[in-house]
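# Working through the structure, step by step
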There are 2 protein chains.
Amino acid sequence: MANMKEIARLSRVSLGTVSNVLSGLPTVSEPLRLRVMAAVESLGYQPNQLARGLRRDKTNIIGMIISDVSNPFFPAVVKGAEDTAFNNGYRLFLCNSDNNFAKEETYLRELQTYLPSGLIIMTSDIKGSTKLAEAYRAAGSHVVYVDRLPHQWDGDTVTSMNEQGSYDATKYLLSLGHKRLAMISGPSLLTNSGERVAGFRHALEEAKIKLPAKYIQEGDFNKQSGYEKACFLLQMDPRPTAIFAANDLLAFGAMNAIRDMGLRCPEDISVIGFDNLDLAEVVTPPLTSVEQSGYNLGAVAAQLIADRIRGDGSPRRAHVLPTTLKLRASVAKVPKEKATRKITK
Amino acid sequence: MANMKEIARLSRVSLGTVSNVLSGLPTVSEPLRLRVMAAVESLGYQPNQLARGLRRDKTNIIGMIISDVSNPFFPAVVKGAEDTAFNNGYRLFLCNSDNNFAKEETYLRELQTYLPSGLIIMTSDIKGSTKLAEAYRAAGSHVVYVDRLPHQWDGDTVTSMNEQGSYDATKYLLSLGHKRLAMISGPSLLTNSGERVAGFRHALEEAKIKLPAKYIQEGDFNKQSGYEKACFLLQMDPRPTAIFAANDLLAFGAMNAIRDMGLRCPEDISVIGFDNLDLAEVVTPPLTSVEQSGYNLGAVAAQLIADRIRGDGSPRRAHVLPTTLKLRASVAKVPKEKATRKITK
DNA sequence: GTGAAAGCGCTAACAT
DNA sequence: ATGTTAGCGCTTTCAC
């Protein structure tokens, strides 16, 4: 590949002048600038980012650590981050931690030596990662935690209104007469899951509805887990009339469990999810869900980094993005007590 | 961050020795090796990948260009590639082209200056990208095209058995008595779409079934497009009794259209998709679909690159991964002519 | 306004 | 077996 030396030779100027032209310094005279640009064009020259980064002590990379690309909520976050980063001249280096903190740590350590301008991190460990994140900061990289937050982090964050969204969903169920509400939560260590549980509890407390301990089952944010926890809930006596699932995957699993046990959604059991995945409207019945914008989660995080790089030195930002309850057919009024179906399998 | 010079000072050896220790050269004496390792440990030293890459003229980056992260089929491909790359010591630099060739080109040009060891590319332009890919090769990077192939590419590739899978799906519909089979294809420029159409045609020709030109509608691999094309097909006279969609998103859209027009799937119309997304079994009715492994697509591509880097100089490889028809409830026997429902809306 | 030269952190060739 | 040194491609002083 052509390098700067060749451009310099071809346009009969010094190395420094080529650099100045490429950096857009206004001190270069027009004739020289044109000669350099012509050479750049003719050779299709692209500056070597490795050398530039090494010299500048900073690259145009924004690292992004996510816990699992294959969870259908995350691609939207990645896309939002990638779009925004690209439009600001940054490139996304994607690292998939597989919810494995050791892998996350390996990535964090090595990624840092690529001297990224920023880091967007969806941590898989609420406790451990801030020390490494501090190292990024110390090296002049801007760090934003997204979706789930570590304790002990005093920097920028972007999350959704998990508690409010869950509160709204629960109030909605209550408004339809439901009194036996159960929840399938995510891993209790994750702050987003904790907030969703808090919103659920909050609404129930306000309505003075008592919540049997077993009515909250801790799942794992995937369909399989939703299926299993729903099976447990559906066999309880009394059986809940509504299930609030902490994400749509859990809700899909719950809907499958309801069907497999010979019950009907929403006639026997109402279900609400969280995320409002594209496919919430494809399942039958279409799933009522708390919408959060994964795209914006990523986009706001990337924009925050771009702003910080441009010198925005304002105090810590904690963006909390709105949620909206999307009403669909998976929720109905509470069934009359007599009408309650027996499980048929 | 600590650098090699500090390690050298701390362990009282020369820079070169530190380098030799870190590169695992056996020529270093044990005492010195231990001293160096101790210093590395105590400072948590990580080699600067920018400097190393600049010097070695190659980094441990594998670039990956995909057309759209938010298409639910692709995250599995990314995950397969990332897993395999990571396990071989490589890191994935993810670029999202948004099906925009200009963006793809920008990424390709810039990414190359990061001196990646390899490139996995799902091109958005069947014609144009090979020139740039050749430049990667010339620079010693290994390139694998995945999922859809450019014409004019004589290097390594990984794809699924698109034609065979589609042939199987079509044969299955024929075996159930369907005679009026329609297809919603993907963009005709993409080779994967073309192969799926070919498999469909092939099976029909074998069965001597004539295919009205309008029975193949070209869609765009998304749900919206599936909905629109299905609406068109459903209003044709005679109406097809089965629709083969070139991917599951198109199939989901088609199923929505069928429902919205007051028809029933599978009683009035059978539907088969391609990809077998997780959600194929969640929709109602569960979708019959040609399964392909996105994970393996990515994993095989990454492994191919890792092998090439290790010196595998064998001739061009064209991996073609198997597909499997997953039978579910979205397909039924052809309805009796009399039973054919009128469109109710 | 332009050019010369130092140096970012590392590797590899060479000298000892 | 270990140390010394040139140089990867670039940016950024500093002379002129």
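None of the values given here were measured: they were computed from a predicted structure. Residue numbering note: each chain is counted from 1, following its sequence as written. Each chain gets a letter, beginning with A, and each ligand a number, beginning with 1, in the order they are written. Local features are withheld for residues below a pLDDT of 70 in this predicted model, meaning they are given only at 70 or higher, and side-chain atom pairs are given and counted only at 80 or more; totals for whole chains, interfaces and linings count all residues. To get the side-chain values, take all heavy atoms of the structure and skip hydrogens and water.

### Looking at the protein's contact with DNA strand D
Rules: What makes a residue near a molecule or strand is one non-hydrogen atom of that residue sitting within 4 Å of it. Definition of a polar contact: a pair of N or O atoms within 3.5 Å, with one able to donate and the other able to accept a hydrogen when the atoms are protein atoms, and with sequence-neighbouring residues admitted only if both atoms are side-chain atoms. Every helix listed is a DSSP run of H or I at least four residues long, and every strand listed is a run of E at least two residues long, numbered separately from the N terminus. Throughout this entry, Asp, Glu, Lys and Arg are counted as charged residues, while Ala, Val, Leu, Ile, Met, Phe, Trp, Tyr, Cys and Pro are counted as nonpolar. The remaining residues, Gly among them, count as polar.
Around DNA strand D, 22 residues are found, and the nearest of them are Met4(A), Tyr45(A), Arg52(A), Arg55(A) and Ser29(B). In DNA strand D, atoms within 4 Å of the protein come from the sugar-phosphate backbone in 66% of cases. With respect to DNA strand D, the backbone of Ser14(B) contributes an N or O atom lying 2.7 Å from a phosphate oxygen. At a separation of 2.8 Å, a base nitrogen of DNA strand D approaches a polar side-chain atom of Arg55(B). Taken together, the elements giving at least two residues each to the surface near DNA strand D come down to α2 (15-22) and α4 (49-56) of chain A together with α2 (15-22) and α4 (49-56) of chain B. If one sorts the elements of the surface near DNA strand D by residue count, α4(A) sits on top with 4 residues. Taken together, the residues of the surface near DNA strand D sort by class into 8 nonpolar, 10 polar and 4 charged.

### Re the UniProt feature "domain: HTH lacI-type" (unreviewed entry) in chain A
Applicable threshold: UniProt positions are given in the numbering used here, feature names are shortened, and annotations may be inferred rather than shown by experiment.
When the UniProt feature table is mapped to this numbering, "domain: HTH lacI-type" (unreviewed entry) covers residues 2-56 of chain A. As annotated, residues 2-56 of chain A has a helix share of 67% and a strand share of 0%, and its two end C-alpha atoms lie 20 Å apart.

### So, the relation of the copies chain A and chain B
Worth spelling out the cut-off: C-alpha atoms of residues with pLDDT of at least 70 in both copies form the basis for the least-squares superposition of the copies.
With an RMSD of 0.1 Å, the operation that places chain A on chain B is a rotation of 180° combined with a shift of 0.1 Å along the axis. Such a combination of turn and shift is consistent with a two-fold rotation axis.

### What to know about the packing of helix α6 (residues 101-112) of chain A against helix α5 (residues 74-87) of chain B
As a reminder, the rule being used: Every angle, taken between N-to-C directions, lies between 0 and 180 degrees, and every axis is a line fitted to C-alpha atoms, over only the stretch in contact when it is a helix. Small angles under 35 degrees read as roughly parallel and large ones over 145 as roughly antiparallel, with 65 to 115 read as roughly perpendicular and the rest as oblique. When checking whether two residues touch, look at their non-hydrogen atoms; a contact exists if any pair is within 4.5 Å.
For the pair α6(A) and α5(B), interaxial distance at closest approach is 13 Å and the crossing angle is 75°. The orientation of α6(A) with respect to α5(B), classified from their angle, is roughly perpendicular. Contact residues: Lys103(A), Thr106(A) and Tyr107(A) in α6(A); Glu82(B), Asp83(B) and Phe86(B) in α5(B). When its residues are assigned to classes, the contact of α6(A) with α5(B) shows 2 nonpolar, 1 polar and 3 charged.

### Describing the interface of chain A and chain B
What counts, and what does not: Any carboxyl oxygen of Asp or Glu that lies within 4 Å of a side-chain nitrogen of Lys or Arg is treated as forming a salt bridge with it.
On the chain B side, the residues contacting the 46 residues of chain A number 46 residues. Inspection of the chain A/chain B interface yields 12 salt bridges. The salt bridge partner of Lys79(B) is Asp68(A), with a shortest N-O separation of 3.2 Å. Counting across the chain A and chain B interface gives 24 residue pairs in polar contact (both at pLDDT 80 or more). Among the secondary structure elements, those contributing two or more residues to the side of chain A that touches chain B are α4, α5 (74-87), β2 (91-96), α6 and α11 (248-260) of chain A. Here the residues of the side of chain A that touches chain B are counted per class, giving 21 nonpolar, 12 polar and 13 charged.

### Topic: the packing of aromatic side chains
We count it as follows: We call Phe, Tyr and Trp rings a pair once their centres come within 6.5 Å, taking the six-membered ring for Trp, and we label the pair stacked below 30 degrees between planes, edge-to-face above 60, and tilted otherwise. Two limits define a charge over a ring: the Lys NZ or Arg CZ must be within 6 Å of the ring centre, and within 35 degrees of the ring normal.
For the structure shown, the criterion picks out 11 aromatic pairs over all chains. Within the aromatic cluster, the residues linked to one another by ring pairs are Phe93(A), Tyr114(A), Phe93(B) and Tyr114(B). Between Lys103(B) and the ring centre of Phe86(A), over which it is positioned, the NZ or CZ distance is 4.7 Å.

### Side note on the protein's contact with DNA strand C
Taken together, 20 residues form the shell around DNA strand C, and within it Arg55(A), Met4(B), Tyr45(B), Arg52(B) and Arg55(B) come nearest. When atoms of DNA strand C within 4 Å of the protein are split into backbone and base, the sugar-phosphate part holds 72%. Ser29(A) places a main-chain nitrogen or oxygen 2.6 Å from a phosphate oxygen of DNA strand C. Between a phosphate oxygen of DNA strand C and a main-chain N or O atom of Asn48(B), the distance comes to 3.0 Å. Looking at the surface near DNA strand C, the elements with two or more residues in it are α4 of chain A together with α2 and α4 of chain B. Residue contributions to the surface near DNA strand C peak at 4 residues, all from α4(B). Classifying every residue of the surface near DNA strand C gives 8 nonpolar, 8 polar and 4 charged.

### Observations regarding the nonpolar core
Applied cut-off: To qualify as a nonpolar core, a set must consist of buried Ala, Val, Leu, Ile, Met, Phe, Trp, Tyr and Cys residues joined through side-chain atoms within 4.5 Å. Think of it in three bands: residues with accessible area under 20% of the maximum for their type are buried, residues over 50% are exposed, and the middle band is partly exposed, with areas taken using a 1.4 Å probe on protein chains only.
With 153 residues, the main nonpolar core has Met64(A), Ile120(A), Val146(A), Met64(B), Ile120(B), Val146(B) and Phe252(B) as its most contacted residues. Every residue in contact with Met64(B), bar those within four places of it in the chain, is listed here: Val77(B), Val78(B), Ala81(B), Leu92(B), Phe93(B), Leu94(B), Cys95(B) and Ile120(B). Leu111(A), Leu50(B), Cys95(B) and Leu115(B) belong to the second-largest nonpolar core, a separate cluster that totals 40 residues.

### Quick notes on the sheet that holds strand β9 (residues 270-275) of chain A
Each strand in a sheet pairs with another by means of backbone hydrogen bonds, the pair being arranged parallel or else antiparallel. All names here are of chain A. We apply this condition: Being paired, for any two strands, means DSSP has found at least two bridges between them.
Reading across the sheet, the 6 strands line up as β7-β6-β8-β9-β10-β12 and stay open at both edges, with mixed pairing between neighbours. Looking at the sheet topology across the chains shown, the edges are occupied by β7 (216-218) and β12 (324-326). Pairwise comparison of adjacent strand axes, ignoring direction, gives a mean angle of 20° for this sheet. Across 3 bridges, strand β10 (residues 288-291) lies against β12 in antiparallel orientation.

### Overview of the domain arrangement of chain A
The condition that has to hold: By convention here, the domain bounds are inherited from an automatic or database domain assignment.
Splitting chain A by domain gives domain 1 (4-47), domain 2 (57-160 + 293-322) and domain 3 (162-292 + 326-339). Just the C-alpha atoms count here: the centres of domain 1 of chain A and domain 2 of chain A sit 35 Å apart.

### Brief notes about the pattern of salt bridges
For the structure shown, the criterion picks out 40 salt bridges over all chains. In this structure, the salt-bridge partner of Asp98(A) is Lys103(A), at a minimum N-O distance of 3.3 Å. Overall, the relative accessible area of 7% leaves Lys103(A) in the buried class. Of the charged contacts in the structure, one is a salt bridge between Lys223(B) and Glu281(A), with a shortest N-O distance of 3.5 Å. Taken together, the residues span two chains, with Lys223(B) in helix α10 (residues 223-234) and Glu281(A) in the loop between β9 and β10.

### Side note on the environment of Gln292(A)
Residues and elements named next belong to chain A. Mapping glutamine 292 onto the fold places it in the loop between β10 and α12 (294-309). Using a relative accessible area of 5% as the deciding quantity, one classes glutamine 292 as buried. For the pair formed by glutamine 292 and glycine 165, sequence separation is 127 residues and the distance between their alpha carbons is 8.6 Å. If we ignore the near neighbours within four places in the chain, the residues touching glutamine 292 are Phe73, Ser160, Arg196, Phe274, Asp275, Leu297 and Thr323. There is a polar contact of 2.6 Å between the side chain of glutamine 292 and the side chain of serine 160.

### A short note on the pairing of strand β6 (residues 181-185) of chain B
Residues and elements named next belong to chain B. The element β6 is extensively covered by neighbouring structure, given that 5 of its 5 residues are classed as buried. Of the two faces of β6, the one lined by Leu181, Met183 and Ser185 and the one lined by Ala182 and Ile184 are each fully buried. Taken together, the 4 bridges between β6 and strand β8 (residues 242-245) define a ladder with parallel strand orientation. Bridge pairing links alanine 182 to isoleucine 243 in β8. Examined bridge by bridge, β6 and strand β7 (residues 216-218) share 3 bridges and lie parallel to one another.

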